[in-house]
Structure formats: C-alpha cells, structure tokens
Amino acid sequence: MTSENDSARAVQVDDLSVDLGGRLVLRGIDLRIRQGEVVAVLGTNGSGKSTLIKTVVGLLPAARGEVRLFGTPVPRFREWRRVGYVPQRITAAGGVPATVYEVVSSGLLSKRRMFAPLGAAGKQAIEDALEVVDMADRRKDAVAELSGGQQQRVLIARALVSDPELLILDEPTAGVDLASQQIFADAIRERVAGGTTVVMVSHDLGPMDALIDRSVVMRRGRIVYDGPPHASQTHAHVHHSHTDDDPGWLTS
Ligand SMILES: Nc1ncnc2c1ncn2[C@@H]1O[C@H](COP(=O)(O)OP(=O)(O)OP(=O)(O)O)[C@@H](O)[C@H]1O
Ligand SMILES: [Mg+2]
C-alpha cells in the first residue's frame with residue numbers, strides 16, 4: 001500500500017457484501033475514493049447502486065466486509081455533518097407534513113443532534129441553498145405538494161446546506177429540468193473546486209458529465225469497471241476481465 005493516510009480517503013469499501021431479504025445484493029465490493037475525487041456510479045436498474053450508496057451512508061448494514069468514512073468504520077462514524085446525502089427518491093414520510101424550509105434545515109442537523117438550535121450562519125446557509133435550487137419563494141410550502149422535480153431540488157438543497165466535505169448523491173437530478181441541472185452542476189463545480197468529494201449515481205449525467213474524474217460501473221452486485229469516465233460505456237457492455245469468476249453478469 002502507498003503511504004497515503006487512511007483519513008485522506010473519503011470513502012473506503014473493503015470486500016463488502018450486503019444481504020437484503022436473504023439475497024446477496026452486493027458481493028465483494030472494493031472501492032477507495034480519495035478526498036476531492038468526483039466519481040460517477042453507473043449501471044443498469046437493480047445492479048446495486050443504491051444499495052451501495054445506502055450502505056456507505058450507514059442506512060444498511062454490511063453482511064461482510066467494511067465501509068469507512070474518513071478512516072472511521074461507519075458504525076462508529078459520528079461526523080455526519082461532513083456528509084451530505086441525496087436519496088434516490090423522497091421517502092413517503094408517513095404523512096408527517098414538512099415544509100421546504102424544514103426539509104432543507106434538516107440537512108444542518110447531524111444524526112446525533114437532532115434539535116440543536118439554528119444560528120444566524122445556519123439560517124444564511126439555508127437561504128443560500130434555497131437560492132441554488134431556486135426554491136426560496138416556496139420555503140413555506142409543504143414538500144408533499146411540490147412536483148417531483150421540485151421535491152428533488154429540495155433534497156439537493158438539504159444535502160448542500162451544511163457545505164459537506166463529502167456529497168453522496170443517488171440520481172440527484174432525475175426528473176429535474178435541464179436549467180436546474182445546469183445550476184446544480186455549477187453549484188457542484190464550485191464545491192469541487194473547494195475540495196469537496198462527490199460520489200454520484202446517475203443514468204444521465206447531463207451537465208455534470210464534465211466534472212466526473214472517474215466512473216465505477218456495477219452489474220449484478222459487483223463492480224465490473226472502475227476507471228476513466230469516457231471508457232466506461234464500452235467497458236461496461238463488453239467487459240473481458242478475467243478476475244470475475246462468476247460469469248453470470250456477462251449475460252445480463
Ligand atoms: N429491501 C429489499 N429487499 C430485497 N431486495 C432488495 C431490497 N431493496 C433492493 N433489493 C434488490 O437489490 C437489487 C439492487 O437494488 P438497488 O436499488 O441497489 O439497484 P440500483 O442499481 O440502485 O437500481 P436503479 O437504477 O433502478 O435505481 C435489486 O435486485 C433489488 O430488487
Ligand atoms: Mg437506485
């Protein structure tokens with residue numbers, strides 16, 4: 001191994017397997033993401049992208065192997081303020097009414113300090129994040145009454161509001177119009193210039209494409225390509241690696 005410090009890696013996944021409902025949905029995943037990298041996670045529906053992302057942010061347990069964030073194993077990781085996460089879809093939150101402002105402000109609360117009061121800096125951060133996604137005039141509206149694309153923009157604002165060092169985005173711009181995607185890509189570009197690490201699942205990178213340093217392609221719960229972004233498409237479809245002893249994914 002190199003002399004690189006463990007904590008210089010934003011994300012480190014070692015031999016990760018994840019079991020959902022008795023099925024191994026992820027198998028033997030190894031992934032290291034350095035601070036400042038911008039990584040796209042690609043792959044067909046059901047290949048395990050969201051499962052990987054959810055395991056990285058501690059929402060799903062590992063059946064085997066380990067995930068570390070900034071050098072700390074996820075079960076012991078407490079600095080959630082350093083991490084921003086946009087889930088693939090807004091969760092049907094059991095009918096709890098929440099306004100745009102409340103959802104965005106929840107991005108400032110770490111998992112351990114749910115009721116910490118908001119200071120002036122926090123309020124300004126919320127205003128800035130609402131501006132980025134052009135939802136400032138909807139702040140008092142119930143999220144449930146927004147369109148799908150508008151809800152997605154609220155989730156993006158929630159992930160950006162704490163100015164995290166690591167942004168983990170699961171199809172953040174699915175259903176978001178092109179103009180908003182462009183604004184989002186500009187916001188991400190600024191943060192990347194400031195050193196933010198980005199891991200983004202996407203089927204259509206759109207204006208984000210130019211920001212990607214590296215792509216990881218998944219198929220049937222495994223990583224089948226990890227390398228420069230513009231080779232990923234071809235490699236993903238015709239992959240001749242001899243390291244995979246399960247040829248099943250070749251036929252899917
Ligand atoms: N709660 C669950 N119980 C059992 N299997 C699950 C569960 N959630 C997901 N799966 C299965 O895990 C596999 C991977 O799902 P995942 O959501 O990670 O795929 P994905 O790559 O994100 O797909 P998409 O592009 O559609 O978002 C799928 O076969 C799915 O059916
Ligand atoms: Mg998914």
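I will try to describe carefully the structure that is included in this document. Everything quoted here is computed from the prediction, not taken from an experiment. (Residues numbered from 1 in each chain as written. Chains lettered and ligands numbered in written order. Predicted model: local features only at pLDDT ≥ 70, side-chain atom pairs only at ≥ 80, totals over all residues. Heavy atoms only, no water.)

1. Overview of the sheet that holds strand β3 (residues 38-43)
Cut-off, in case you're wondering: Two strands pair under a simple rule: DSSP has to find at least two bridges between them. Helix and strand assignments follow DSSP, with helices taken as H or I runs no shorter than four residues and strands as E runs no shorter than two, numbered in order from the N terminus. Each axis is a line fitted through C-alpha atoms, and for a helix only the stretch in contact is used; angles between axes span 0 to 180 degrees, taken between their N-to-C directions. It only takes one pair of heavy atoms within 4.5 Å for two residues to be counted as in contact.
Strand order in the open sheet formed by six strands is β6-β7-β8-β3-β9-β10, with mixed pairing between adjacent strands. Both edges of this open sheet fall to β6 (83-86) and β10 (222-227), since each of them pairs with a single strand only. On average, each strand axis in the sheet is inclined to that of its neighbour by 15°, with strand direction left out of account. Where strand β7 (residues 166-170) lies against strand β8 (residues 197-201), five bridges are found, and the strand directions are parallel. Note on β8: the bridge partner recorded for Leu166 is Thr197. Packing of helix α4 (residues 148-160) onto the sheet brings it into contact with β6 and β7, and relative to β6 it is tilted by some 170°.

2. Quick word on the side chain of Ser105
Inclusion rule: Each residue gets one of three labels from its accessible area relative to the maximum for its type: buried under 20%, exposed over 50%, partly exposed in between, using a 1.4 Å probe on protein chains only. What qualifies as a polar contact is a pair of N or O atoms within 3.5 Å, subject to a donor-acceptor requirement within protein and to the restriction that residues adjacent in sequence count only when both atoms come from side chains.
Turning to its location among the elements, Ser105 is positioned in helix α2 (residues 100-106). Relative accessible area serves as the criterion here: at 14%, Ser105 is assigned to the buried category. Here the side chain of Ser105 touches Glu102 through a polar contact of 2.9 Å, landing on its backbone oxygen.

3. Quick notes on the coordination of the magnesium ion (ligand 2)
Operational definition: Coordinating donors are taken as N, O and S atoms within 2.8 Å of the metal, stretched to 3.2 Å for Na, K and Ca; because water is absent from the atoms, sites can appear incomplete.
Around the magnesium ion (ligand 2), the protein contributes the donor atoms Ser50 (OG) and Gln88 (OE1), at 2.0 to 2.3 Å from the metal centre. Highlighted residues: Ser50 in helix α1 (residues 49-56) and Gln88 in the loop between β6 and α2, separated in sequence by 38 residues. Assessed through its relative accessible area of 17%, Ser50 is described here as buried.

4. Here we look at the sheet that holds strand β4 (residues 64-69)
One open sheet holds the four strands; their spatial order is β2-β1-β4-β5, and the pairing between them is antiparallel. At either margin of the open sheet sits one strand with a lone partner, and together these are β2 (23-34) and β5 (72-73). Of the pairings in the sheet, the one linking strand β1 (residues 9-20) to β2 comprises eight bridges and is antiparallel in character. If you follow Val13 over to β2, its bridge partner there is Leu31. Packing against the sheet, α1 makes contact with β1, β2 and β4, and its axis sits at approximately 120° to β1.

5. So, the packing of aromatic side chains
Remark: the centre distance and the inter-plane angle together describe each pair of aromatic rings, the angle taken between the planes. The test is simple: Centres within 6.5 Å are what make two rings of Phe, Tyr or Trp a pair, Trp counting through its six-membered ring; a difference in plane orientation under 30 degrees is then read as stacked, over 60 as edge-to-face, and the rest as tilted. Charge-over-ring contacts are defined here by two conditions on Lys NZ or Arg CZ: a distance within 6 Å of the ring centre and an angle within 35 degrees of the ring normal.
Applying the stated criterion across every chain, the model contains two aromatic pairs. Centroid distance Phe77 to Trp80: 5.0 Å. Interplanar angle 85°. Geometry classified as edge-to-face. On the basis of relative accessibility, which here comes to 11%, the residue Trp80 falls in the buried class. Taken together, the aromatic side chains of Phe70, Phe77 and Trp80 make up a single cluster linked through ring pairs. Note that Arg82 overlies the ring of Phe70, its terminal NZ or CZ placed 3.9 Å from the centroid.

6. Side note on the side chain of Glu37
Summarising the element assignment, Glu37 is placed in the loop between β2 and β3. According to the relative accessible area criterion, Glu37 is buried, its value standing at 8%. In terms of polar contacts, Glu37 uses its side chain to reach the backbone amide nitrogen of Arg34, at 2.9 Å. A distance of 3.0 Å separates polar atoms of two side chains, one belonging to Glu37 and the other to Arg214. Ignoring any residue separated from it by four or fewer positions in sequence, one finds Glu37 in contact with Arg32, Thr196, Thr197, Val198, Asp213 and Arg214.

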